[in-house]
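Next come the chains, spelled out residue by residue.
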Amino acid sequence: MFAKIPSLFTDRKLSFKITISFLGLLLLTVAILYLIFFNLAQKYFFSMEGIEVGARVQKISSLLTEPMVSNSPKKIQELTETLSFTYGSTIWVINKDGEVIAATNEDVRNNLNLEEPEIKGVLNGNVVTKQVAGPNHNIVFNVVPIRDGESETVVGAVAVTSSLGRLNNIMANMARYAFYAIIVLIPFALIVGTIISRIISRPIEKMSEVAQEISDGNFTKRVDYKANGELEHLIGTFNLAVSKVVESLEEKDKLMKLQNDFLSNISHEFRSPLTSLRGFLELLEDNKINPQEDRNYINIMLQDTLHLNRLVEDLINLSSLQSGHISLKLSPIMANELLEWIQQRYIPQAEEKGISLNVSLLADSPLITVDKDRIHQVLINLIDNAFRYTTTAEVIKVYAQVIPDANEITIYVQDSGQGIPSNHLQHIWDKFYKVEEARTRTDTGSGIGLAIVKQIVEMHKGRVSVESIPKKGSIFSFTLPIA
Ligand code: ADP
């Protein structure tokens, strides 16, 4: 049963807990204040009463001295009764042997219960104050020794009552005011507690609602609540944490999508030449084509194999470049050396294709620090493309320009080929991106060549660029820092 009490509280809403705690705290404060005041009032009353009763008792004891000394029990009893009437107090007298010799109220006398040591103490000159254990505990006895006026020896003792009625009245009033205070404070505590609990719990409830919506898949949701201080900071941190988690999830999704695209692109690239090869091989197996007569088919099979070979090489190249494990083998080289190398390598191909290849050397060739083989790869990819997308009897120009202020050199590969529509230009540097898929396909490129170019140039802290006009031609260029 007791175990259920905390759960009745802990299972409740935060606002309920705050309100109840606030109310409890307030009531506890009132109770403690009441007890403190009660104690102080009691002490004050006793000290005030003590002074008054002390004076009264001294007077009574001095009046009793004479009959006590003359030892006249009758006189003592009469005087006791008169004094009792005068002061409105019960009076009780003992002689120096501790025997009761006069008393105005038998009940009080029985209830007084003075212990032997107390009586002895009083007869030795001490004062004893004792609360009578009667109904309401509202009587206090002050017991003082009676001294002989001349010899100052103790001749007996007198006990005089003093009523606690006034104190009881004060206490009753205080209890009544405490009760009124509680009655007024309960609604006040409930209102203030509710306001405080709303201030604290509302943002937390809001956050919990938003967290629920986010976990239901609404990733755009954020806590939109105006708070101050720590709560404002808490909401800000919560929103930031959610944004970061969502960002990293989106990043992961993007990565997954890239991986999936990559795989489907690779399989797509492999599928068409492999299907073509398989078809021809099956025809060969069934003797439906004759390798001697149908040279054309053999040629297509060779092209497919070369394409597959180039694809695999490009893939290996790109993945090793992108892995970041490759470091460049940098060495200084004259820019014109690269241009001359192009001339030597491509003149036969240009002649064969009937394309005019125009390579211009620089008058003042700068020294550049590059990985020669990698830059050769860049030039091969750009010039191969220029040949591939430029039909017979057209021009390919290769030239360079030094930008002295920026300490850079740009190498251009310009063709008068089919060009690229502007909406494709921003994508052509992406892996597997092919304009041919949008236009009639005439070649079996893999869409990786330009991605490799971009990767290598950026590894040299350079940048790539392209300008193109459909049916007029393209200018591909890359810029490198001059060492
Ligand atoms: P691919 O191996 O298919 O040529 P690239 O990455 O080298 O792949 O080129 C991407 C696409 O850019 C090509 O599919 C092609 O459509 C287009 N492209 C590249 N160079 C040229 C060019 N000189 N003229 C016209 N289009 C080009």
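Criteria and thresholds
Residues numbered from 1 in each chain as written. Predicted model: local features only at pLDDT ≥ 70, side-chain atom pairs only at ≥ 80, totals over all residues. Heavy atoms only, no water. Pairing = 2+ DSSP bridges. Helix = DSSP H or I, 4+ residues; strand = E, 2+ residues; numbered from the N terminus. Axes fitted to C-alpha atoms, helices over the stretch in contact; angles between N-to-C directions. Contact = heavy atoms within 4.5 Å. Patch = residues over 30% accessible without salt bridge, like charges linked within 9 Å, V, L, I, M, F, W, Y side chains within 5 Å. Areas by Shrake-Rupley, 256 points an atom, 1.4 Å probe, with all protein chains shown as cover. Salt bridge = Lys/Arg side-chain N within 4 Å of Asp/Glu carboxyl O. Expected span 1.5 Å × (residues − 1). Buried < 20%, exposed > 50% of the residue type's maximum accessible area, 1.4 Å probe, protein only. Arc of directions from axis to C-beta. Polar contact = N/O pair within 3.5 Å; in protein donor to acceptor, adjacent residues only side chain to side chain. Lys, Arg positive; Asp, Glu negative; His and termini not counted. Charge placed at Lys NZ, Arg CZ, Asp CG, Glu CD. Left-handed = near helix turned anticlockwise from the far one by under 90°. Nonpolar A, V, L, I, M, F, W, Y, C, P; charged D, E, K, R; others polar. Phe/Tyr/Trp six-rings, centres within 6.5 Å; stacked < 30°, edge-to-face > 60°.

## Topic: the sheet that holds strand β9 (residues 395–403)
- Taken together, five strands build an open sheet; the order of strands is β7-β9-β10-β12-β11 and the sheet is mixed. Of all the strands in the sheet, just β7 (356–359) and β11 (463–469) have a single pairing partner and so form its edges. Going from strand to strand, the sheet's axes swing by 15 degrees on average, the running direction of each strand aside.
- Strand direction decides the pairing type here: strand β10 (residues 408–415) and strand β12 (residues 473–481), joined by eight bridges, are antiparallel. Each bridged residue has a counterpart across the sheet, and for threonine 410 the counterpart in β12 is threonine 479.
- Of the strands in this sheet, β7, β9 and β10 touch helix α9 (residues 335–353), which is tilted by about 170 degrees from β7.

## Re a nonpolar patch on the surface
- Taken together, the side chains of Leu14, Ile191, Ile195, Ile196, Ile199, Ile200, Ile204 and Leu234 make up a nonpolar region of the molecular surface, amounting to roughly 650 Å² of accessible area.
- If one sorts the elements of the nonpolar patch by residue count, helix α6 (residues 165–215) sits on top with six residues.
- One can find leucine 14 in helix α2 (residues 14–70).

## Comments concerning helix α3 (residues 73–87)
- Over its 15 residues, α3 runs 21 Å from end to end, which matches the ideal 21 Å to within 8%, given 1.5 Å per residue.
- Those residues of α3 lying buried are Ile76, Thr80, Leu83 and Ser84. Along the axis of α3, the buried positions cluster into a sector of 105 degrees, meaning they face one direction only. Those residues of α3 that are exposed and angled more than 90 degrees off the buried face are Lys74, Lys75, Phe85 and Thr86.
- One or two positions beyond α3, positive phi appears at glycine 88, with a value near 65 degrees.

## Section: the side chain of threonine 65
- Structurally, the position occupied by threonine 65 is in helix α2.
- Reaching out from threonine 65, the side chain makes a polar contact with the backbone oxygen of serine 61 at a distance of 2.8 Å.
- Beyond its immediate stretch of four places on either side in the chain, threonine 65 contacts Ile146, Arg147, Asp148 and Gly149.

## Some words on the environment of lysine 472
- Position of lysine 472 relative to the elements: it lies in the loop between β11 and β12.
- Sequence-wise, lysine 472 and glycine 417 are 55 residues apart; in three dimensions their C-alpha atoms are separated by 6.1 Å.
- Excluding residues within four positions of it along the chain, lysine 472 makes contact with Asp415, Ser416 and Gly417.

## Observations regarding a negative patch on the surface
- A cluster of acidic residues, Glu247, Glu250, Glu251 and Asp253, forms a negative patch at the surface.
- Following the sequence through the fold, glutamate 251 ends up in helix α7 (residues 229–285).
- Looking at glutamate 251, the relative accessible area reads 46%, which means it is partly exposed.

## Brief notes about the packing of helix α10 (residues 372–388) against helix α12 (residues 449–459)
- Relative to each other, α10 and α12 sit at 145 degrees, their axes nearing to 9 Å. Seen along the crossing, α10 lies across α12 with a hand that is left-handed. From α10, Arg374, Ile375, Gln377, Val378, Asn381, Leu382 and Asn385 reach across to α12, where they touch Gly449, Leu450, Ile452, Val453, Ile456 and Val457.
- In terms of residue class, the contact of α10 with α12 is made up of eight nonpolar, four polar and one charged.

## Some words on the packing of aromatic side chains
- All told, the structure shown has five aromatic pairs when counted by the stated rule.
- Plain terms: the ring middles of tyrosine 177 and tyrosine 180 are 6.3 Å apart, the flat faces sit at 65 degrees to each other, and that makes the pair edge-to-face. Residue tyrosine 177 and its partner tyrosine 180 are both found in helix α6; the two are separated by three residues, about one turn of the helix.
- With 5.9 Å between their ring centres and 75 degrees between their planes, tryptophan 429 and phenylalanine 476 make a pair best called edge-to-face. Highlighted residues: tryptophan 429 in the loop between α11 (422–425) and α12 and phenylalanine 476 in strand β12, separated in sequence by 47 residues.
- For tryptophan 429, a relative accessible area of 12% corresponds to the buried category.
- For phenylalanine 476, a relative accessible area of 7% translates into the label buried.

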